[in-house]
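Single-letter residue listing:
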Amino acid sequence: MRDFLGLAGKRILIFGVANRKSVAYHIVQVCREAGAECVCVVRDQATRESTAKILNGLEVLTCDVEQESEIAALPAQLVARFGQSIKFDGVVHSIAFADYSEGMKPFHETPKRAFLQAVDISCFSFVEIANQMRPLLNSDAAFVTISISTTRMASESYGYMGPVKAALDSTLVFLAKSFSGFSKVRFNAVGASPLKTSASAGIPGYIDAYLYAEKATLRGQAVTTAEVANVAAFLLSPASSAINAQKLIVDAGMETNYFDREIVRKMNL
Ligand SMILES: NC(=O)c1ccc[n+]([C@@H]2O[C@H](COP(=O)([O-])OP(=O)(O)OC[C@H]3O[C@@H](n4cnc5c(N)ncnc54)[C@H](O)[C@@H]3O)[C@@H](O)[C@H]2O)c1
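I will try to describe carefully the structure that is included in this document. Counting restarts for each chain: residues are numbered from 1 in the order of the written sequence. This being a predicted model, a pLDDT of at least 70 is required before a residue's local features are given, and a value of 80 or more before pairs of side-chain atoms are given or counted; all residues contribute to the totals for chains, interfaces and linings. To obtain the side-chain values, all non-hydrogen atoms of the structure were included, while hydrogens and water were left out.

**Considerations on the packing of aromatic side chains**
Alright, step 1. Pairing of aromatic side chains requires ring centres within 6.5 Å, counting the rings of Phe and Tyr and the six-membered ring of Trp. Pairs whose planes differ by under 30 degrees are stacked, by over 60 edge-to-face, and all others tilted. For the coordinates displayed, the defined rule picks out 9 aromatic pairs.
Alright, step 2. Ring plane angle 50 degrees and centroid distance 5.0 Å describe the contact between F179 and F182, whose orientation is recorded as tilted.
Alright, step 3. For F182, a relative accessible area of 41% translates into the label partly exposed.
Alright, step 4. A ring is considered to have a charge above it if a Lys NZ or an Arg CZ atom is located within 6 Å of its centre and within 35 degrees of its normal. The positively charged end of R134 is found above the aromatic ring belonging to F182, 3.6 Å away from the centroid. Each residue gets one of three labels from its accessible area relative to the maximum for its type: buried under 20%, exposed over 50%, partly exposed in between, using a 1.4 Å probe on protein chains only.

**Structural notes on the state of the cysteines**
Alright, step 1. For this text, the term disulfide refers to a pair of cysteine sulfurs within 2.5 Å. Applying the stated criterion to the full structure yields 0 disulfides.
Alright, step 2. For the unlinked cysteine C31, the closest cysteine sulfur is that of C38, found at 4.8 Å.
Alright, step 3. With relative accessibility at 0%, the residue C31 sits in the buried group.
Alright, step 4. With no disulfide partner, C40 has as its closest neighbouring cysteine sulfur the one in C38, 6.3 Å distant.
Alright, step 5. Among the residues examined, C40 registers a relative accessible area of 0% and is labelled buried.

**Here's the deal with the side chain of S149**
Alright, step 1. Secondary structure elements are defined from DSSP: runs of H or I of at least 4 residues count as helices, runs of E of at least 2 residues count as strands, and each element is numbered from the N terminus. Positionally, S149 belongs in the loop between strand 5 (137-148) and helix 5 (161-179).
Alright, step 2. By relative accessible area, which is 7% here, S149 ends up buried.
Alright, step 3. Note on contacts: a residue pair qualifies if any of its non-hydrogen atoms lie within 4.5 Å across the two residues. Among residues more than four places away in sequence, those in contact with S149 are G191, A192, S193, K247, I249, D251 and M254.

**Considering the nonpolar core**
Alright, step 1. Side-chain atoms within 4.5 Å are what join buried Ala, Val, Leu, Ile, Met, Phe, Trp, Tyr and Cys residues into a set we call a nonpolar core. Core analysis: the largest hydrophobic core is formed by 35 residues, its most contacted members being V17, I27, L55 and V190.
Alright, step 2. Contributing elements (two or more residues each) for this core: strand 1 (11-15), helix 1 (23-33), strand 2 (37-42), strand 5, strand 6 (186-192) and helix 8 (225-236).
Alright, step 3. Discounting residues that sit within four places of it in the chain, V190 has contacts with V144, T145, I146, S147, V228, V231, A232, L235, K247, L248 and V250.
Alright, step 4. Counting residues in hydrophobic clusters, the runner-up holds 33 residues, among them V65, I71, V79 and A141.

Structure (structure tokens):
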């Protein structure tokens with residue numbers, strides 16, 4: 001039988017596993033099932049310990065991407081662990097952070113510190129990881145980041161992370177262009193609609209938005225984290241070799257259906 005994805009024997013570096021619900025954890029599962037070797041990078045030692053059981057048998061390094069020095073130290077750590085000739089075929093950036101501790105404010109009151117920290121961790125880290133990992137990449141490696149399905153819908157429960165994800169969507173285009181100057185490395189994103197993960201559970205009012213989004217899908221059933229991971233695995237694989245600088249939307253048709261008759265009827269009751 002033909003191995004459609006062609007991920008067998010590929011080596012993938014995956015950032016962002018926090019627990020079993022994490023998008024990154026599901027990506028690890030799909031890639032391993034497809035025969036890839038996964039190396040994980042988690043935020044800190046505490047996360048390393050709490051994920052030890054679920055990442056059983058995998059190499060796990062730590063890197064707080066808010067610290068430039070930790071991202072810069074990563075290649076040397078990988079070389080120390082795997083040897084001078086270590087190369088990666090794929091890198092997954094499944095990292096986001098927003099400090100909602102002051103509650104969700106109207107967008108124009110967004111605290112500057114919180115906005116810039118969110119951009120740093122959720123977007124600029126993608127640039128820094130790409131730059132630092134450059135010497136350890138095979139020339140046709142694929143990067144995948146996890147974005148949101150639309151940054152044109154000003155969801156009040158998502159707040160300033162909307163513009164931060166818009167920056168991420170644009171960033172991958174610029175990374176794809178600049179890496180094309182010396183390689184065939186590709187950069188893409190999965191644009192996921194609301195999922196049930198711990199990151200989303202921390203967003204004030206998220207559950208109501210999640211339930212609305214579920215109703216708005218064409219199938220009346222929310223997108224699962226496993227479905228997002230499947231698309232990420234495709235974008236990491238040679239099967240998607242002609243896709244570059246794109247965001248693939250995984251929203252079960254939600255963006256076409258905000259005027260669903262049933263939703264509109266309920267609004268008018
Ligand atoms: N959950 C959703 O509804 C949804 C929808 C669309 C996109 N996404 C995106 O999916 C990605 C993964 O999120 P998730 O839902 O799996 O939640 P998650 O909490 O499981 O993953 C977020 C990860 O970011 C890591 N992280 C945060 N700050 C970090 C730092 N300073 N250094 C290193 N790592 C750091 C966390 O440790 C965690 O592993 C995010 O980019 C998120 O925006 C999620």
